[in-house]
Amino acid sequence: MSLREQLCEYGRRAVELGLVIGTSGNLSVREGDLVAVTPSGAALDRLTPEMCPIVDVEGYLVEGDLQPSSETPMHLAVYETTDARAIVHTHSVFGTIVATTMTELPPVHYNALLLGGVVKVAEYATYGTPELAANVRTAMEGKKAALMANHGGVTVGATLEEAFEATRLLEWLCEVYVRGLSVGKPAILTDEQLNAVVERALNPPAFPRRL
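Residues numbered from 1 in each chain as written. Predicted model: local features only at pLDDT ≥ 70, side-chain atom pairs only at ≥ 80, totals over all residues. Heavy atoms only, no water.

**Observations regarding the sheet that holds strand β4 (residues 61–63)**
Pairing is mixed across the open sheet formed by nine strands, whose spatial order is β4-β3-β2-β1-β5-β9-β8-β7-β6. Here the strands that pair on one side only, and so sit at the sheet edges, are β4 and β6 (104–105). Judged from the five bridges that link them, strand β5 (residues 86–90) and strand β9 (residues 152–157) form a sheet pairing that is antiparallel. Among the inter-strand pairings, Ile-87 is bridged to a residue of β9, identified as Val-156. Along the sheet face, helix α1 (residues 3–16) touches β1 (26–31), β2 (34–37), β3 (54–56) and β4 and points at about 155° away from the line of β1. Lying over the sheet, helix α2 (residues 72–81) contacts β1, β2, β3, β5, β8 (145–148) and β9, oriented at roughly 40° with respect to β1. (Pairing = 2+ DSSP bridges. Helix = DSSP H or I, 4+ residues; strand = E, 2+ residues; numbered from the N terminus. Contact = heavy atoms within 4.5 Å. Axes fitted to C-alpha atoms, helices over the stretch in contact; angles between N-to-C directions.)

This is the structure:
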């Protein structure tokens, strides 16, 4: 599947799962010095491969008739400072709730470790600006996910599938936290508890075979 075909596939999935509405959200995938990105102002579930422009890592349009997403500077800023090869940005409901009310998403479940632990909320800046790109890049340091204040979420991965699954996990963690607040005060895992999870993952128990 080509890079552009991947954008169409996961764009449709993002809409089907309610992670974006209308023309919100954008995705990109990198190969070498080229980045395929969703176009500006297009609904992600109506994309065709030829609609997706390709830019180089400096932001110059290389191929395509449509303009790249307005958030392309943010994507390129993340690619510049990480080893990410794919990025997904959504306006999911629970992620946006957390992004409008908090400065970080605490680890309410050990699967937060898959995103790097605590998920930081990047300071607010107007969409598509160098300021927002810089804020997201800072919030993403050492992480696979960040939230954007009063905006949405962004995740990265070695592949578009990996970045998309990180988006699903981020939304699930945000939903658990938000719904937990309606019942009581969610318990936050301590560093000691999280370290124990890492140790367990690195040294899984060996189950004896029945002879």
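**Focus: the pattern of salt bridges**
This model, assessed by the stated rule, comprises eight salt bridges. Residues Arg-30 and Asp-33 are paired through a salt bridge, measuring 3.7 Å at the closest nitrogen-oxygen approach. One salt bridge connects Glu-175 with Arg-179, and the closest N-O pair in it is separated by 2.7 Å. Remark: Arg-179 and Glu-175 occur in helix α5 (residues 160–183); sequence separation between them is four residues, near one turn of the helix. Connected via shared salt-bridge partners are Arg-13, Glu-165 and Arg-168. (Salt bridge = Lys/Arg side-chain N within 4 Å of Asp/Glu carboxyl O.)

**Describing the pairing of β9**
Counting buried residues in β9 gives six out of six residues, a clear majority hidden from the surface. Pairing of β8 with β9, which is carried by four bridges, proceeds in the antiparallel orientation. Note that in β9 the partner of Leu-147 across the bridge is Gly-153. In this structure, the hairpin formed by β8 and β9 is closed by a connection of three residues, where Asn-150 is found at a positive phi of approximately 55°. (Buried < 20%, exposed > 50% of the residue type's maximum accessible area, 1.4 Å probe, protein only.)

**Some words on unusual backbone geometry**
If you check the backbone angles, Asn-150 has positive phi at about 55° while not being a glycine. Mapped onto the fold, Asn-150 is located in the loop between β8 and β9.

**Observations concerning the pairing of β1**
For β1, the buried fraction is high: five of the six residues fall into the buried class. Sheet analysis places β1 next to β5, joined by four bridges and oriented antiparallel. In the strand pairing of β5, Asn-26 is matched with His-89. One ladder, built from four bridges, connects β1 with β2; its direction is antiparallel. Bridge pairing links Val-29 to Ala-36 in β2.

**Notes on helix α6 (residues 191–202)**
Relative to the 16 Å expected for 12 residues at 1.5 Å per residue, α6 spans 16 Å between its end C-alpha atoms, a close match to the ideal helical length. With one of 12 residues buried, α6 lies mostly on the surface of the structure. (Expected span 1.5 Å × (residues − 1).)

**A short note on the side chain of His-75**
Following the sequence through the fold, His-75 ends up in helix α2. What His-75 contacts, discounting residues up to four positions off in sequence, is Asn-26, Leu-27, Ser-28 and Ile-87.

**Regarding the layout of surface pockets**
What the largest pocket holds in volume is close to 180 Å³. Forming the walls of the largest pocket are 16 residues, and the residues nearest its centre are Thr-23, Gly-25, Asn-26, Ser-69 and Ser-70. (1 Å grid on protein atoms, 1.4 Å probe; cavity = no way out; pocket = protein on both sides within 12 Å on 5 of 7 lines; lining within 4 Å. Points joined across faces, edges and corners; volume = space filled by probe spheres on them.)

**Comments concerning the environment of Ala-86**
Inspection of the secondary structure puts Ala-86 in strand β5. We classify Ala-86 as buried; its relative accessible area is 0%. Counting along the chain gives 59 residues from Ala-86 to Leu-27, while the straight-line C-alpha distance between them is 7.6 Å. For Ala-86, the contacting residues outside a window of four places in its chain are Ser-28, Val-29, Tyr-79, Thr-155, Val-156, Gly-157, Thr-159, Leu-160 and Ala-163.

**Considering the environment of Glu-104**
Of note, Glu-104 is situated in strand β6. It is 16 Å that separates the C-alpha atoms of Glu-104 and Ala-125, two residues lying 21 residues apart in sequence. When neighbours within four sequence positions are excluded, Glu-104 is seen to be in contact with Val-118, Val-119, Lys-120 and Val-121.

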